[in-house]
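Per-entry structural report
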Amino acid sequence: MRLPAAFGELLRQWRIYLIATLFAAVPDCRAVWVTGYYPGYEQGALPPSALDFSVITHVIQFSILPNADGTVSRANGLTAAGSASLVSRAHAAGRSALICVGGAGSESAFQAASAAAMRAAFIGNLTNFLATNDYDGIDLDWEPLPVSDFNQFTNLVIELRAALAGFAQPKLLTVAAGAYPNYGDPADSEAAMFAGLQSELDQINLMTYDLSGPWPGWVNWFNSPIYDGGYRFPSTGGLVPSVDGAVSRFLTNGVAPGKIGVGIAFYGYVWSGGIGTSTGGAALPRQSWSTAPTVATLSYANLLTTYYQSNLYHWDSAAQAPYLSIDNAGSANDRFISYDDKHTCEAKLSYVRNHFLGGLMIWELGQDYAADSLVQELKRDLATPGAIAIHATNQNIALSFTSLPLALYRICWTTNAASGPWQTLTNNVPGGPDALTTIQVWDIGALDVTPYRFYRLQTPP
């Protein structure tokens, strides 16, 4: 007996609906960490209750400092009450709270506290501080970290990891690592050192910011560009710094991708003045000078409220970085403002996914701007590609999903969602040029080949 044509079409449409319903709830999107630094001095303006732990997977409270006798001291506005408040909020949300030891300019303090005669006491005081305040781990921020300190740093990491292993509950050990080696050190020295230490560390978060400055032989350059765009210093012929340049060096030297975090700067650089640029003052990337501009830092929030105008905004596609350009004709009172924005968050997340990296690191959460929040942008970005819409036209199936710039996607199919195997329909599907662009991919003749299919969208491919 043959079914009426209309009834057969109804069954076919029901089958497509069933496939879409089953699949739409299970996108295959690899999780990444989002580690945010949270200074004690920010807790008045940004209390722990305001942190969005649906986005932040690890919060690092900043900071304590080493002392020459191996003890540690609270610094940067950190209080006992502040520790208790943050840790309780993080734990209630099922997230990890770590304590940072160190910070910019902490080299001499670390040298003294981790010397052979003091190291055991120093580690004991670190673990006691962790236990007393119920932290989930310790973040080491030894800055700067030149080659001459590598042996001492290595000993500290190995012995601190051994001490943390003595806790009944596992404790984390993370590190803030320079994106590039200390000035004058061999190019691969830092990356090679971390490659040898990576088994001791849960996260190696690269400080992929502060990648420019008004130094001799330099040009106007971005604070945290993803790519160098092939641009080289006119003075030396060397490539300008970039996120990709730093990550590539760590990967080449053997650091596992899943150990690496990429930094997002919640602040910007304001370049001004300078003599000898083509406009009379610093206004554009890649400008040279005869007299260096001045450079000041400004939080993302203050930068937007002070300088942002849509007509001043530019996106540099070669560097994958935004900037504001204020060019006053015939005046040296110009501005070149380099910062990370919402588009940067999209692009850096895509970069992390496409390179199978561990996650993202934010310096620092208190510099966000509630009216145009980067944390909330990351929340939207992390949800992509999300569910896939599926519909059929004749024997063809169309799949639609939202994407991010720089992202790459793979679409797979199977006739058995439980056990596979999964076949690749198409690979390296690029994301759209703008945030949350809808991408559509067709599976031509799918229903002529198999009676039903299940689909899976992966990022990275």
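Below or above, wherever it landed, is the structure these notes cover. Treat the numbers as computed from the prediction; the structure is a model and nothing was measured.

Each value, and the rule that gives it
- Residues numbered from 1 in each chain as written.
- Predicted model: local features only at pLDDT ≥ 70, side-chain atom pairs only at ≥ 80, totals over all residues.
- Heavy atoms only, no water.
- Core = buried A, V, L, I, M, F, W, Y, C linked by side-chain atoms within 4.5 Å.
- Buried < 20%, exposed > 50% of the residue type's maximum accessible area, 1.4 Å probe, protein only.
- Contact = heavy atoms within 4.5 Å.
- Phe/Tyr/Trp six-rings, centres within 6.5 Å; stacked < 30°, edge-to-face > 60°.
- Lys NZ or Arg CZ within 6 Å of the ring centre and 35° of its normal.
- Helix = DSSP H or I, 4+ residues; strand = E, 2+ residues; numbered from the N terminus.
- Expected span 1.5 Å × (residues − 1).
- Polar contact = N/O pair within 3.5 Å; in protein donor to acceptor, adjacent residues only side chain to side chain.
- Pairing = 2+ DSSP bridges.
- Axes fitted to C-alpha atoms, helices over the stretch in contact; angles between N-to-C directions.
- Parallel < 35°, antiparallel > 145°, perpendicular 65-115°, else oblique.
- Left-handed = near helix turned anticlockwise from the far one by under 90°.
- Nonpolar A, V, L, I, M, F, W, Y, C, P; charged D, E, K, R; others polar.
- Salt bridge = Lys/Arg side-chain N within 4 Å of Asp/Glu carboxyl O.

Counting 97 residues, the largest nonpolar core has Val59, Ile138, Leu140, Phe153 and Phe194 as the members making the most contacts within it. Discounting chain neighbours no more than four positions away, the residues touching Phe194 are Leu145, Phe153, Val175, Ala177, Leu201, Ile204, Phe250 and Val255. One finds Leu98, Trp218, Trp221 and Ala282 within the second-largest nonpolar core, a separate group that totals 27 residues.

By the definition in use, this model includes 23 aromatic pairs. Judged by centre distance (6.1 Å) and plane angle (10 degrees), the rings of Phe129 and Tyr135 are stacked. Each of the two residues, Phe129 as well as Tyr135, counts as buried. Pairwise contacts between aromatic rings join Trp221, Phe222, Tyr231, Trp271, Trp289, Tyr323 and Phe336 into one cluster. The ring centre of Tyr231 lies 5.9 Å from the NZ or CZ of Arg286, which sits over that ring. The aromatic ring of Trp413 is capped on one face by Arg453, whose charged end is 3.6 Å from the ring centroid.

Let us now look at helix α9 (residues 342-354). In this model α9 runs 18 Å from its N-terminal to its C-terminal C-alpha over 13 residues, within 8% of the 18 Å that 1.5 Å per residue would give. Where burial is concerned, most of α9 is hidden: 12 out of the 13 residues are buried. Buried residues of α9: His343, Thr344, Cys345, Glu346, Ala347, Lys348, Leu349, Ser350, Tyr351, Val352, Arg353 and Asn354, and no others. One side-chain oxygen of the residue at the start of α9 lies 3.1 Å from the amide nitrogen of His343, identifying that residue as Asp341. Looking at the residues trailing α9, positive phi occurs at Phe356, about 60 degrees.

The subject of this paragraph is the sheet that holds strand β20 (residues 437-443). Here 3 strands make up an open sheet; going across it, the order is β16-β17-β20 and the pairing antiparallel. Taken across any chain shown, the strands that pair with only one partner, and hence form the sheet edges, are β16 (389-393) and β20. Shown here is a sheet whose adjacent strand axes are inclined to one another by a mean of 25 degrees, direction ignored.

Further remarks concern the environment of Ala84. Relative to the helices and strands, Ala84 is located in helix α2 (residues 80-92). The exposure class assigned to Ala84 is partly exposed, which follows from its relative accessible area of 47%.

Here the focus is the packing of α9 against helix α10 (residues 374-382). The N-to-C vectors of α9 and α10 enclose an angle of 45 degrees; their axes lie 9 Å apart at closest approach. When the axis of α9 is compared with that of α10, the two are oblique. Of the two elements, α9 crosses α10, and the hand of that crossing is right-handed. Between α9 and α10, the contacting residues are Lys342, Cys345, Glu346, Leu349 and Arg353 on the first element and Leu374, Glu377, Leu378, Arg380, Asp381 and Leu382 on the second. Within the contact of α9 with α10, the residues separate by chemical class into 5 nonpolar, no polar and 6 charged.

Turning our attention to the pattern of salt bridges. Applying the stated rule across the entire model yields 9 salt bridges. Taking the shortest distance from any N to any O, the salt bridge between Arg119 and Glu159 comes out at 3.2 Å. Here Arg119, found in helix α4 (residues 119-133), pairs with Glu159, found in helix α5 (residues 150-164); they are 40 residues apart in sequence, far enough to count as distant. We classify Glu159 as partly exposed; its relative accessible area is 35%. Between Asp443 and Arg453 there is a salt bridge; the shortest N-O distance is 2.6 Å. Within this pair, whereas Asp443 is found in strand β20, its partner Arg453 is found in the loop between α11 (446-449) and β21 (454-459), the two being separated by 10 residues in sequence. For Asp443, a relative accessible area of 4% puts it in the buried group.

By way of backbone hydrogen bonds, the strands of a sheet pair with one another, either parallel or antiparallel. Taking strand neighbours across the sheet as the criterion, the 5 strands line up as β11-β10-β14-β13-β12 in an open arrangement whose pairing is antiparallel. Both outer strands of the open sheet, β11 (294-299) and β12 (313-316), are each paired with one neighbouring strand and no more. Here the average twist between neighbouring strands, direction ignored, is 25 degrees. Pairing between β12 and strand β13 (residues 321-326): 4 bridges, direction antiparallel. Each bridged residue has a counterpart across the sheet, and for Trp315 the counterpart in β13 is Pro322. Docked against the sheet, helix α8 (residues 300-307) engages β10 (267-272), β11, β13 and β14 (335-339), running at close to 105 degrees with respect to β11.

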